[in-house]
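The primary structure of each chain is shown beneath.
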Amino acid sequence: DQQVKQNSPSLSVQEGRISILNCDYTNSMFDYFLWYKKYPAEGPTFLISISSIKDKNEDGRFTVFLNKSAKHLSLHIVPSQPGDSAVYFCAASAREGAGKSTFGDGTTLTVKP
Amino acid sequence: KAGVTQTPRYLIKTRGQQVTLSCSPISGHRSVSWYQQTPGQGLQFLFEYFSETQRNKGNFPGRFSGRQFSNSRSEMNVSTLELGDSALYLCASSRGGDNQPQHFGDGTRLSIL
């Protein structure tokens with residue numbers, strides 16, 4: 001039973017355009033959601049997060065949207081840059097499991113110059 | 001500010017052996033979590049330690065164990081190694097409270113021959 005799903009294994013976009021990465025979850029106890037970016041041979045790097053009391057959080061070119069009723073979140077990157085090419089992981093945690101995050105399988109983003 | 005440090009970076013073992021991996025968290029972080037990542041898979045949660053106590057545990061067999069020291073450094077031990085234990089083992093630290101992002105090390109790549 002995969003509680004966090006990223007249904008698109010890969011995404012390719014043109015430089016300067018918008019990248020939209022999607023994530024669905026099933027556990028209604030999740031109340032904190034995060035996106036991580038991972039380059040080969042490195043550990044995941046925290047990108048942006050959102051609490052369940054919000055529906056949007058923005059940090060520079062990165063915006064995360066949360067739709068609790070649909071149990072869906074998305075990461076928007078505008079404008080996309082070649083350096084954004086990496087694997088993006090969606091993760092979620094529940095209040096009673098602060099140090100335990102459940103991860104999706106990742107989406108490989110390729111931004112073409 | 002130093003990041004999360006994992007040692008060793010690479011390790012080769014044979015079936016039946018045991019292995020110990022080490023993780024030094026970011027200064028001031030009291031929570032240390034361990035994850036396993038296998039090819040094409042997301043991160044699978046192993047366990048989390050907070051103030052020297054195991055606070056959360058994933059669905060891994062008892063061959064996987066860990067501990068945390070008073071300086072928050074953590075070790076993970078895997079006994080009676082199996083071929084399927086070949087993976088990237090990632091350590092992450094956080095302050096330990098609610099809604100805190102985890103910060104990852106670059107992992108230990110364990111190969112079982």
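What counts, and at which threshold
Residues numbered from 1 in each chain as written. Chains lettered and ligands numbered in written order. Predicted model: local features only at pLDDT ≥ 70, side-chain atom pairs only at ≥ 80, totals over all residues. Heavy atoms only, no water. Helix = DSSP H or I, 4+ residues; strand = E, 2+ residues; numbered from the N terminus. Buried < 20%, exposed > 50% of the residue type's maximum accessible area, 1.4 Å probe, protein only. Contact = heavy atoms within 4.5 Å. Areas by Shrake-Rupley, 256 points an atom, 1.4 Å probe, with all protein chains shown as cover. Lys, Arg positive; Asp, Glu negative; His and termini not counted. Charge placed at Lys NZ, Arg CZ, Asp CG, Glu CD. Phe/Tyr/Trp six-rings, centres within 6.5 Å; stacked < 30°, edge-to-face > 60°. Buried area = accessible area lost by both parts, 1.4 Å probe. Polar contact = N/O pair within 3.5 Å; in protein donor to acceptor, adjacent residues only side chain to side chain. Nonpolar A, V, L, I, M, F, W, Y, C, P; charged D, E, K, R; others polar. Salt bridge = Lys/Arg side-chain N within 4 Å of Asp/Glu carboxyl O.

1. Here we look at the overall build of chain B
In terms of helices and strands, chain B carries zero helices and eleven strands. Order of helices (α) and strands (β) in chain B, N terminus to C terminus: β-β-β-β-β-β-β-β-β-β-β. Principal-axis analysis of the C-alpha atoms gives chain B an extent of 40 × 25 × 25 Å. In chain B, which comprises 113 residues, the share counted as buried stands at 49%. Contacts spanning at least 24 positions in sequence make up 54% of the contacts within chain B whose residues lie at least 6 apart. Approximately 5,300 Å² of chain B is accessible, and the part contributed by carbon and sulfur atoms is 46%. A gap of 3 Å separates the mean positions of the 12 positive and 7 negative side-chain charges of chain B.

2. Some points on the packing of aromatic side chains
As enumerated under the stated definition, the model contains twelve aromatic pairs over all chains in all. Note on A:Tyr36 and A:Phe46: the rings are 6.0 Å apart at their centroids and 70° apart in plane angle, and the pair reads as edge-to-face. With A:Tyr36 in strand S4 (residues 30-38) and A:Phe46 in strand S5 (residues 45-51), this residue pair connects regions lying ten residues apart in the sequence. Following the ring pairs from residue to residue traces out a cluster consisting of A:Tyr36, A:Phe46, A:Phe89, A:Phe103, B:Tyr35, B:Phe45 and B:Phe104.

3. Comments concerning the interface of chain A and chain B
Residue-level contacts link 22 residues of chain A with 26 residues of chain B. Counting each side, the surface lost to burial between chain A and chain B is near 1,800 Å², with a carbon and sulfur contribution of 51%. Taken as a group, A:Tyr32, A:Gly99 and A:Phe103 account for 26% of the area that chain A buries against chain B, more than any other trio of residues on that side. Put simply, chain A and chain B have nine residue pairs in polar contact (both at pLDDT 80 or more) between them. Contributing elements (two or more residues each) for the side of chain A that touches chain B: S4 and S5 of chain A. Counting residues per element, the side of chain A that touches chain B draws most heavily on S4(A), which supplies five residues. The class makeup of the residues in the side of chain A that touches chain B is nine nonpolar, six polar and seven charged.

4. Brief notes about unusual backbone geometry
In this chain, A:Val78 is followed by A:Pro79 through a cis amide linkage whose omega measures -15°. Turning to its location among the elements, A:Pro79 is positioned in the loop between strand S8 (72-77) and strand S9 (86-94). Backbone torsion omega between B:Thr7 and B:Pro8 reads -10°, so that peptide bond is classified as cis. In this fold, B:Pro8 is placed in the loop between strand S1 (5-7) and strand S2 (10-13).

5. As for the pattern of salt bridges
All names here are of chain B. Scanning the model with the defined rule gives six salt bridges over all chains in all. Note that Arg55 is salt-bridged to Glu48, the shortest N-O span being 2.6 Å. Assessed through its relative accessible area of 34%, Arg55 is described here as partly exposed. Note on Glu48: relative accessible area 0%, which makes it buried. For the salt bridge of Asp85 with Arg63, the shortest nitrogen-to-oxygen distance reads 2.8 Å. Separated by 22 residues along the polypeptide, Asp85 in the loop between strand S8 (74-78) and strand S9 (87-94) and Arg63 in the loop between strand S6 (53-57) and strand S7 (64-68) bring together distant segments of the chain.

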